Amino acid sequence: MQRIRLRYTKRGRLRFTSHRDFQRAFERALRRAEVPMAYSAGFTPHPRVSYANAAPTGTGSEAEYLEIALAAPRDPETLRKLLDESMPLGLDIVDAVEARTSGLADRLTASVWELRLEGVEPAEAQRAVEAFLAAETVEVQRRTKNGMRTFDTRGAVVSLEALPAQVDRSSDNACAILRLVVRHLTPAVRPDDVLSGLHAVADLAPPVPAAVTRLAQGLFDEESGTVTDPLAPDREADTAAPPTAAVNADAKAPEGPAA
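Criteria and cut-off values
Numbers given to residues run from 1 along each chain, matching the order in which its sequence is written. Side-chain atom pairs in this predicted model are given and counted only at pLDDT of 80 or more, local residue features only at pLDDT of at least 70, and totals for whole chains, interfaces and linings cover all residues. Side-chain numbers come from the whole structure's heavy atoms, not from hydrogens or water. Of the two site types, the cavity is a set of points on a 1 Å grid over the protein atoms alone where a 1.4 Å probe fits but cannot get out, and the pocket is an open set with protein on both sides within 12 Å along at least five of seven lines, each lined by residues with an atom within 4 Å of a point. Grid points are joined across faces, edges and corners, and a volume is the space filled by probe spheres set on the points. Runs of H or I in DSSP of at least four residues are treated as helices and runs of E of at least two as strands, each being numbered from the N terminus. When a residue's accessible area, from a 1.4 Å probe over protein chains only, is under 20% of the maximum for its type it is buried; when over 50% it is exposed; and in between it is partly exposed. For this analysis, a polar contact is any N or O atom pair within 3.5 Å, provided that within protein one partner can donate a hydrogen and the other can accept it, and provided that sequence-adjacent residues contribute only side-chain to side-chain pairs. Stacked, edge-to-face and tilted labels apply to pairs of Phe, Tyr and Trp rings (six-membered ring for Trp) whose centres lie within 6.5 Å, assigned for plane angles under 30 degrees, over 60, and everything in between, in that order. Only buried residues count toward a nonpolar core. Its members are Ala, Val, Leu, Ile, Met, Phe, Trp, Tyr and Cys residues joined through side-chain atoms within 4.5 Å.

(A) Representation of empty space enclosed by the protein within the structure. What the rule picks out here adds up to 1 cavity of 30 Å³ or more. When its volume is computed, the largest cavity comes out at roughly 40 Å³. Along its surface, the largest cavity is lined by Tyr8, Lys10, Ser18, His19, Phe22, Ala54, Ala55 and Glu64. Going through the elements one at a time, β1 (2-10) and α1 (19-32) are the ones with two or more residues in the lining of the largest cavity.

(B) A look at unusual backbone geometry. In this structure, Pro187 follows Thr186 across a cis peptide bond, with omega equal to 0°. Residue placement: Pro187 occurs in the loop between β10 (173-183) and α4 (191-202). Phi at Asn53 takes a positive value of approximately 55°, unusual for a residue other than glycine. The partly exposed category is assigned to Asn53, whose relative accessible area is 38%. Although it is not a glycine, Asp203 sits at a positive phi angle of roughly 60°.

(C) Summary view of the side chain of Ser111. As for its placement among the helices and strands, Ser111 is situated in strand β5 (residues 110-118). Using a relative accessible area of 1% as the deciding quantity, one classes Ser111 as buried. Of note is the side chain of Ser111, whose polar atom sits 2.9 Å from the side chain of Arg214.

(D) Spatial organisation of the packing of aromatic side chains. Taken as a whole and judged by the stated rule, the model has 3 aromatic pairs. Ring geometry for Phe22 versus Phe26: centroids 5.8 Å apart, planes at 10°, classification stacked. Highlighted residues: Phe22 and Phe26, both in helix α1, separated by 4 residues, approximately one helical turn. For the residue pair Phe22 and Phe26, the accessibility class agrees, reading buried in each case. Plain terms: the ring middles of Phe22 and Tyr51 are 6.2 Å apart, the flat faces sit at 85° to each other, and that makes the pair edge-to-face. Here the residue Phe22 occupies a position in helix α1, and Tyr51 occupies one in strand β2 (residues 49-52), the gap between them amounting to 29 residues.

(E) The arrangement of the nonpolar core in detail. In this structure, Leu115, Leu117, Leu160, Leu178, Leu180, Val194 and Leu198 are the most contacted members of the largest nonpolar core, which totals 26 residues. Those elements giving two or more residues to this core turn out to be β5, α3 (122-134), β8 (157-162), β10 and α4. Within the second largest apolar cluster, 21 residues are counted, among which are Ile4, Met37, Ile68 and Ile93.

Written out as structure tokens, the structure is:
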């Protein structure tokens, strides 16, 4: 059984799709692309698809990950192209590798987020960022299925910065851009929690909802302070491993003895 790991995006209006919406679209794409999926056992078999740390509904993303199990080997790049052609525009399959290592989910320990705050002056955003980073704890509340929960957002934030001023071309209004690196802890700290924290410590309140995009997620490198590509170990292992049998769809059958 071959395992393929895929990176996909949620762009434009498709950022409003829920994780369940994506699952339905992806399973339809698997059928359209005639992917030879492996199925679970039992009375109601399902395609063997594993999703990892999906972004919240309403946020864009350039770095979502999943893994599929195949009943017959396929070339990862050919498979990626077929699936991408079968997905709605905005839900794009942008990378594929054969799984040569274990623990993909364990390598998703941090995310890089971009928060676009339209109508907020960059200087105001900078003051809020400084107040947030200066605080030892920044407690916020979020409603969960078990009721309201209070938790600290400051401990999960590795870095937070206000980028240089930008102008919204559609309205000529100033727009503050924040870049955020946050660890994946329990409970999970989401970008909207950090915005709540900025409001708590500096009364920062964007006049319109923030446009939030996940730029990357992966293993956080303590030395460099960066979030690394979680598929890199599979690529490195793939260069040292023999090719999977029967991956090349154009391989010819052995020729018989000469007449």
